[in-house]
Every structure is written in structure tokens, then in C-alpha cells.
Amino acid sequence: VNLDWHDLPLGPGLEAILGIPVVVENDVRAAALGLDRRQFGATGSLALLAIGTGIAAGVVLDGQLHRGAHGLAGEIGHVVVDPGGAPCACGNRGCLETVAAGPALVRRTLAGWAARGNGHGVATDAAPDAGAEAVFAAATTGDPVARDVVEASGRAVAWGIHLLALAYDVDRIVIGGGVSHAGEPFIAPVRRELDRFRAASPLAAEILQPNLVQLLPAGADAGAWGAVTIALESLEQTESTLIERRGT
Ligand SMILES: [Zn+2]
């Protein structure tokens with residue numbers, strides 16, 4: 001969605017150029033598979049929620065990457081959490097991305113400051129993730145606008161986690177992406193909202209186990225491992241198909 005590429009036959013195009021078989025997979029979904037295989041010992045049940053310039057989840061169920069009927073499973077950045085809210089790249093309004101992705105944190109903080117006639121300098125022309133870092137830093141030093149933006153973002157991320165847990169009932173939900181690199185200032189409001197859910201609902205308490213949510217381990221190269229895993233597994237499938245064909 002954020003690249004604005006639609007119906008582009010990327011795989012066949014690359015195969016024609018490179019002359020080798022090419023498998024195209026979304027970066028977050030590839031990373032989810034890599035995490036399951038390389039980081040957590042192929043337990044076969046996890047969701048990776050990536051929060052950066054956009055928001056998306058990769059879901060591994062029963063050891064398999066869950067792609068969905070249209071290859072769009074896990075696009076939860078576009079679930080509406082703020083009806084009638086800010087316009088989103090997908091055409092809708094008030095999507096999770098418009099509240100909790102990096103550019104949204106910067107935009108909402110700047111709008112809040114402008115409304116108060118307060119011209120703090122979050123570098124809008126810096127990389128979106130760097131801008132989000134500045135918002136978390138301002139929130140940590142007690143800026144009320146940044147603090148409200150970070151709190152609202154944390155609540156919305158927790159709703160996304162709750163949605164993933166209810167829909168997929170996975171063993172773990174790992175949070176990665178540039179925005180999550182802020183660490184504690186990012187995750188604290190998320191945990192507070194999840195605690196509120198647990199206190200209010202026995203169902204939420206059961207599905208949101210205390211160790212369900214974790215931040216992506218520092219330095220985990222899940223995307224690269226995911227690409228390797230997908231390439232190897234699709235090669236194995238191709239080989240077994242060839243062997244089956246030879247056998248008939
Ligand atoms: Zn959207």
C-alpha cells in the first residue's frame with residue numbers, strides 16, 4: 001500500500017531478468033517466518049507486528065506462513081481504530097497506521113504543538129523513524145502533547161495486539177520495526193492498556209498471557225533469515241514436485 005504498487009507481476013519479471021526462480025514475499029511476512037525458524041526454534045505459532053513507516057503483521061500458524069486468500073493476511077495497519085480520523089494511504093480514514101506508525105506520531109505531535117502555538121522542532125524532514133524517536137524523547141521529558149500522542153498510539157497498538165491474539169491465538173506476538181526501537185517509552189503504554197484489558201476480562205486475561213508480547217531481540221536479522229527460509233523451502237517444494245513428476 002505504501003509503495004503504491006498494484007498488480008505488479010514482480011516475480012515473473014525478476015525471473016525473466018535474473019534467469020533463476022524468484023519467490024516474492026512481503027518483508028514482514030518473511031521476517032515472521034525467519035523469527036519462527038531461527039529465533040524461536042520453529043514452534044510454529046507466532047505473529048510479528050512491525051511498526052515503522054507503516055504497520056503490518058506476519059503470522060505463522062501450524063508452522064506455515066499464513067498468507068490468506070489474496071496474500072493480504074496480516075495487513076492490520078488498516079483496521080480502523082479512529083472512525084472519521086486522519087486519511088490513510090489505503091483510502092480509508094482513521095486506520096491504525098494513522099495513529100501509531102512513525103509518520104503519524106510526528107504529524108500528530110506537530111499538529112498538537114501548532115494548536116498550542118508551540119514551535120518545538122521535531123525534524124520533519126528526517127527519516128520518519130528518527131522523527132518518531134524525537135516524539136518519544138519529548139514524551140519522556142514530560143511534554144504533554146507528545147505524551148498524549150504516545151499514550152494514544154500505545155493504546156491503539158494494544159488494540160492491534162488484542163485483535164491478533166483473538167484472531168490467531170498465537171504463542172507469542174513479537175513487536176519490531178523502527179518505531180519499536182524506542183524501547184521502554186514505546187512499550188510501556190502498550191503494556192498498560194493490555195493490563196487494563198486483562199483486569200476487565202477473563203477472556204482477555206486468558207488470551208493475553210503475560211509473556212505473550214515481546215520486543216524483537218536487538219540485532220535479530222529476521223528479514224534476512226526469512227528470505228533465506230522462504231527461498232530454501234520453496235526450492236525444496238520445487239525439487240519434490242520435479243521428483244514426483246519424474247516418478248510418474
Ligand atoms: Zn489504511
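Residues numbered from 1 in each chain as written. Predicted model: local features only at pLDDT ≥ 70, side-chain atom pairs only at ≥ 80, totals over all residues. Heavy atoms only, no water.

A. Spotlight on the confidence of the model for the protein. Per-residue pLDDT for the protein averages 84, and the proportion of residues at 70 or more is 75%. For the stretch residues 123-127, pLDDT sits under 50, and the model shows three contacts to residues farther than four places along the chain or on other chains. (pLDDT = per-residue confidence, 0-100. Contact = heavy atoms within 4.5 Å.)

B. Geometry of the coordination of the zinc ion. Protein ligation of the zinc ion involves His 78 (ND1), Cys 88 (SG), Cys 90 (SG) and Cys 95 (SG), the donor distances falling in the range 2.1 to 2.3 Å. The coordination sphere of the zinc ion comprises four donor atoms, whose angles at the metal cover 102 to 126°; the geometry is tetrahedral. All donors of the zinc ion belong to a single chain; written as a sequence motif, their spacing is H-x9-C-x1-C-x4-C. Of this pair, His 78 sits in the loop between β3 (64-65) and α3 (97-100) while Cys 95 sits in the loop between β3 and α3, and the two are 17 residues apart along the sequence. For the pair shown, His 78 and Cys 95 are each scored as buried. (Donors = N, O, S within 2.8 Å, 3.2 Å for Na, K, Ca; no water. Tetrahedral: all angles 85-135°; square planar, octahedral: opposite > 155°, others 65-115°. Helix = DSSP H or I, 4+ residues; strand = E, 2+ residues; numbered from the N terminus. Buried < 20%, exposed > 50% of the residue type's maximum accessible area, 1.4 Å probe, protein only.)

C. Fine view of the pairing of strand β1 (residues 46-51). Burial within β1 is extensive, with six of its six residues counted as buried. Here β1 shows no split at all, with Leu 46, Leu 48 and Ala 50 on one side and Ala 47, Leu 49 and Ile 51 on the other all buried. The sheet contact formed by β1 and strand β2 (residues 55-61) spans six bridges and is antiparallel. Residue pairing across strands places Ile 51 opposite Ile 55, the latter belonging to β2. Two successive antiparallel strands, β1 and β2, enclose a turn made up of three residues. (Pairing = 2+ DSSP bridges.)

D. Region of the structure containing the packing of helix α6 (residues 144-168) against helix α7 (residues 184-200). One can describe the packing of α6 onto α7 by two numbers: an axis separation of 8 Å at closest approach and a directional angle of 55°. As far as their axial angle goes, α7 and α6 are oblique. Crossing angle aside, the handedness with which α6 passes α7 is right-handed. From α6, Val 150, Glu 151, Gly 154, Arg 155, Val 157, Ala 158, Trp 159, Ile 161 and His 162 reach across to α7, where they touch Pro 185, Phe 186, Pro 189, Val 190, Arg 192, Glu 193, Leu 194, Arg 196 and Phe 197. When grouped by side-chain class, the residues that make up the contact of α6 with α7 number 11 nonpolar, two polar and five charged. (Axes fitted to C-alpha atoms, helices over the stretch in contact; angles between N-to-C directions. Parallel < 35°, antiparallel > 145°, perpendicular 65-115°, else oblique. Left-handed = near helix turned anticlockwise from the far one by under 90°. Nonpolar A, V, L, I, M, F, W, Y, C, P; charged D, E, K, R; others polar.)

E. Seen up close, the environment of Val 170. Positionally, Val 170 belongs in the loop between α6 and β4 (172-176). Accessibility expressed as a relative area gives 6% for Val 170, which makes it buried. Spatially, the C-alpha atom of Val 170 lies 8.5 Å from that of Val 59, the residues being 111 residues apart in sequence. Apart from residues no more than four positions distant in its own chain, Val 170 is found in contact with Ser 45, Leu 46, Ala 47, Val 60, Leu 61 and Leu 212.

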